[in-house]
There are 2 protein chains.
Amino acid sequence: MKLSAKAEYACLAMLEMARRNPEEPPARIREIAGPSHIPERYLVQILLRLKGAGLVQSVRGASGGYHLARPAQRISLLDVLNAIDGPPEPMPDPTEPLARALLKVRRQASEAERKILAETTLESLVADLAAREWVI
Amino acid sequence: MKLSAKAEYACLAMLEMARRNPEEPPARIREIAGPSHIPERYLVQILLRLKGAGLVQSVRGASGGYHLARPAQRISLLDVLNAIDGPPEPMPDPTEPLARALLKVRRQASEAERKILAETTLESLVADLAAREWVI
DNA sequence: ACCATGTTGACTAAATTGGTCAACTATCAG
DNA sequence: CTGATAGTTGACCAATTTAGTCAACATGGT
């Protein structure tokens, strides 16, 4: 599954926020970017889109930052990727029979992938992560 | 499922050859390109890669052309896409725990997609096509 | 009032994509 | 033999996308 750097950064940033306690003060850009070595100036753009999609909220001012807009349990990877790449624009059905048959298979493949991404929430990933650290 | 123009042309060209009778003389580039409106000069490059991958054979000379290297039943869409894009290069496991968790999901999604493409053969697509024309 | 933070849009360098072109080689028909 | 028709190869190019930077501004806690 191909993933642009932008999309990957977005997922990592969301996961970074997801693993923080919701009671803590909002995470600063530097704190989000640090662990994954995301260029800070670039992350700014990404967070802006995530905010536009309603996935995160920002707090301005001297002790501001970002936090998830809803519980990690209710945000899927699909939500994040759609926020970054935009929703997949529907392709018009081609008239050529060969192209139609091909498109049908592509849609099957897309659906299989979509299902996996929709079932994976930020919380399930963070939980999986915590489980791994447990055995160390 | 994102598909480059090159990859789509490759699939359409393979399907065009698959639906011809194996007894017929090889298909000329013009005949392959025609129905799908593929730029001929571009198709040349694509066929060359398909040949390099062992999926088609070429016949040179005045009445030459291209035909499948093995029965359509034994060529999957995955074979075609791998021939064009190259096999997916294995990504090194990242050290950051977050990135690891993310990669795991990506691999699941890739595998789901891969399975669909590997199960779909040129013959099954052509058969599906023939079935549709039957009811017309 | 200050200064650390977020907000926004313009900008750019590099990689990828989609495609063209020209020169060459092989082979069949006559 | 010879010429027309086909494939072979590699260089080339323009448009788009990607990845990232920068500068100028707005906001709000201390």
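Owing to the predicted nature of the structure, the values given are computational and were not obtained by experimental measurement.

(A) Layout of the pattern of salt bridges. Going through the model one piece at a time under the given rule, you end up with 20 salt bridges over all chains. Measuring nitrogen to oxygen at the nearest pair gives 3.4 Å for the salt bridge that ties D128 of chain B to K104 of chain A. Separated into two different chains, D128 of chain B in helix α6 (residues 122–134) and K104 of chain A in helix α5 (residues 97–119) make up a pair that spans both. One network of salt bridges, in which partners are shared, links R20, E24, R28 and E31 of chain A.

(B) Fine view of the layout of surface pockets. Considered as a void within the structure, the largest pocket measures approximately 1900 Å³ in volume. Looking at the largest pocket, it is lined by 45 residues, and the ones nearest its centre are M1, K2 and E113 of chain A together with K2 and E113 of chain B. Breaking the lining of the largest pocket down by element, the ones donating at least two residues are α4 (77–85) and α5 of chain A together with α4 (77–85) and α5 (97–119) of chain B. Sorting elements by how many residues they give to the lining of the largest pocket places α5 of chain B first, with 8 residues. Quantified by volume, the second largest pocket comes out at close to 340 Å³. In terms of lining residues, the second largest pocket is bounded by 18 residues, among which M17, R20, N21, P22 and L68 of chain A are the most central.

(C) Here's a closer look at the interface of chain B and chain A. Between chain B and chain A, the contact holds 34 residues from the first and 34 residues from the second. Surface buried jointly by chain B and chain A totals about 3100 Å² across both partners, of which 68% is contributed by carbon and sulfur atoms. Taken together, the connections running from chain B to chain A amount to 6 residue pairs in polar contact (both at pLDDT 80 or more). At the level of elements, α1 (5–18), α5 and α6 of chain B are the ones that each hand at least two residues to the side of chain B that touches chain A. Sorting elements by how many residues they give to the side of chain B that touches chain A places α5 of chain B first, with 15 residues. The residue inventory of the side of chain B that touches chain A, partitioned by class, reads 19 nonpolar, 4 polar and 11 charged.

(D) Region of the structure containing α5 of chain B. With 23 residues, α5 of chain B should cover 33 Å at 1.5 Å per step; its first-to-last C-alpha distance of 34 Å lies within 8% of that length. Those residues of α5 of chain B that fall on the buried side of the exposure criterion are L98, A99, A101, L102, L103, V105, R106, A109, A112, E113, I116 and L117 of chain B. Where α5 of chain B is buried, its residues touch α1 (5–18), α4, α5 and α6 (122–134) of chain A together with α4 of chain B.

(E) Local environment of the protein's contact with DNA strand D. The environment of DNA strand D is made up of 26 residues, and the closest members are Q45 of chain A together with R28, K51, S58 and Y66 of chain B. For DNA strand D, the fraction of atoms within 4 Å of the protein that belong to sugar or phosphate moieties is 71%. Between DNA strand D and S58 of chain B, the relevant distance is 2.9 Å, taken from a phosphate oxygen to a side-chain nitrogen or oxygen of the residue. Between DNA strand D and Y66 of chain B, the relevant distance is 2.6 Å, taken from a phosphate oxygen to a side-chain nitrogen or oxygen of the residue. Among the secondary structure elements, those contributing two or more residues to the surface near DNA strand D are α1 and α3 (40–52) of chain A together with α3 (40–52), β1 (56–59) and β2 (65–68) of chain B. The element contributing the most residues to the surface near DNA strand D is α3 of chain B, with 4 residues.

(F) Here's a closer look at the relation of the copies chain B and chain A. Expressed as a screw transformation, the operator carrying chain B onto chain A has a rotation angle of 180° and an axial translation of 0.0 Å, and the superposed copies differ by an RMSD of 0.1 Å. Put plainly, the chains are arranged around a two-fold axis. Both copies share a contact surface, since 100% of the interface residues of chain B are interface residues in chain A too.

(G) Local environment of the side chain of E113 of chain A. For E113 of chain A, the position within the fold is in helix α5. An unpaired buried charge is present at E113 of chain A: no salt bridge exists, and R106 of chain B, the closest side chain of opposite charge, is 9.1 Å distant. For E113 of chain A, the contacting residues outside a window of four places in its chain are M1 of chain A together with A109 and E113 of chain B.

(H) Up close: α5 of chain A. Restricting attention to buried positions, one finds in α5 of chain A the residues L98, A99, A101, L102, L103, V105, R106, A109, E113, I116 and L117 of chain A. Where α5 of chain A is buried, its residues touch α4 of chain A together with α1, α4, α5 and α6 of chain B.

(I) Expanded view of the protein's contact with DNA strand C. Near DNA strand C lie 24 residues; those nearest to it are R28, K51, S58 and Y66 of chain A together with Q45 of chain B. Counted by atom, the contact set of DNA strand C within 4 Å of the protein is 72% sugar and phosphate. Between A5 of chain B and DNA strand C, the recorded distance is 3.3 Å, taken from a backbone N or O atom to a phosphate oxygen. Listing elements by their share of the surface near DNA strand C, those giving two or more residues are α3, β1 (56–59) and β2 (65–68) of chain A together with α1 and α3 of chain B. When residues of the surface near DNA strand C are assigned to their parent elements, the largest contribution, 4 residues, is made by α3 of chain A. In the surface near DNA strand C, the residues fall into 11 nonpolar, 7 polar and 6 charged.

Rules behind the numbers
Residues numbered from 1 in each chain as written. Chains lettered and ligands numbered in written order. Predicted model: local features only at pLDDT ≥ 70, side-chain atom pairs only at ≥ 80, totals over all residues. Heavy atoms only, no water. Salt bridge = Lys/Arg side-chain N within 4 Å of Asp/Glu carboxyl O. Helix = DSSP H or I, 4+ residues; strand = E, 2+ residues; numbered from the N terminus. 1 Å grid on protein atoms, 1.4 Å probe; cavity = no way out; pocket = protein on both sides within 12 Å on 5 of 7 lines; lining within 4 Å. Points joined across faces, edges and corners; volume = space filled by probe spheres on them. Contact = heavy atoms within 4.5 Å. Buried area = accessible area lost by both parts, 1.4 Å probe. Polar contact = N/O pair within 3.5 Å; in protein donor to acceptor, adjacent residues only side chain to side chain. Nonpolar A, V, L, I, M, F, W, Y, C, P; charged D, E, K, R; others polar. Expected span 1.5 Å × (residues − 1). Buried < 20%, exposed > 50% of the residue type's maximum accessible area, 1.4 Å probe, protein only. Near = heavy atom within 4 Å. Least-squares fit on C-alpha atoms with pLDDT ≥ 70 in both. Lys, Arg positive; Asp, Glu negative; His and termini not counted.

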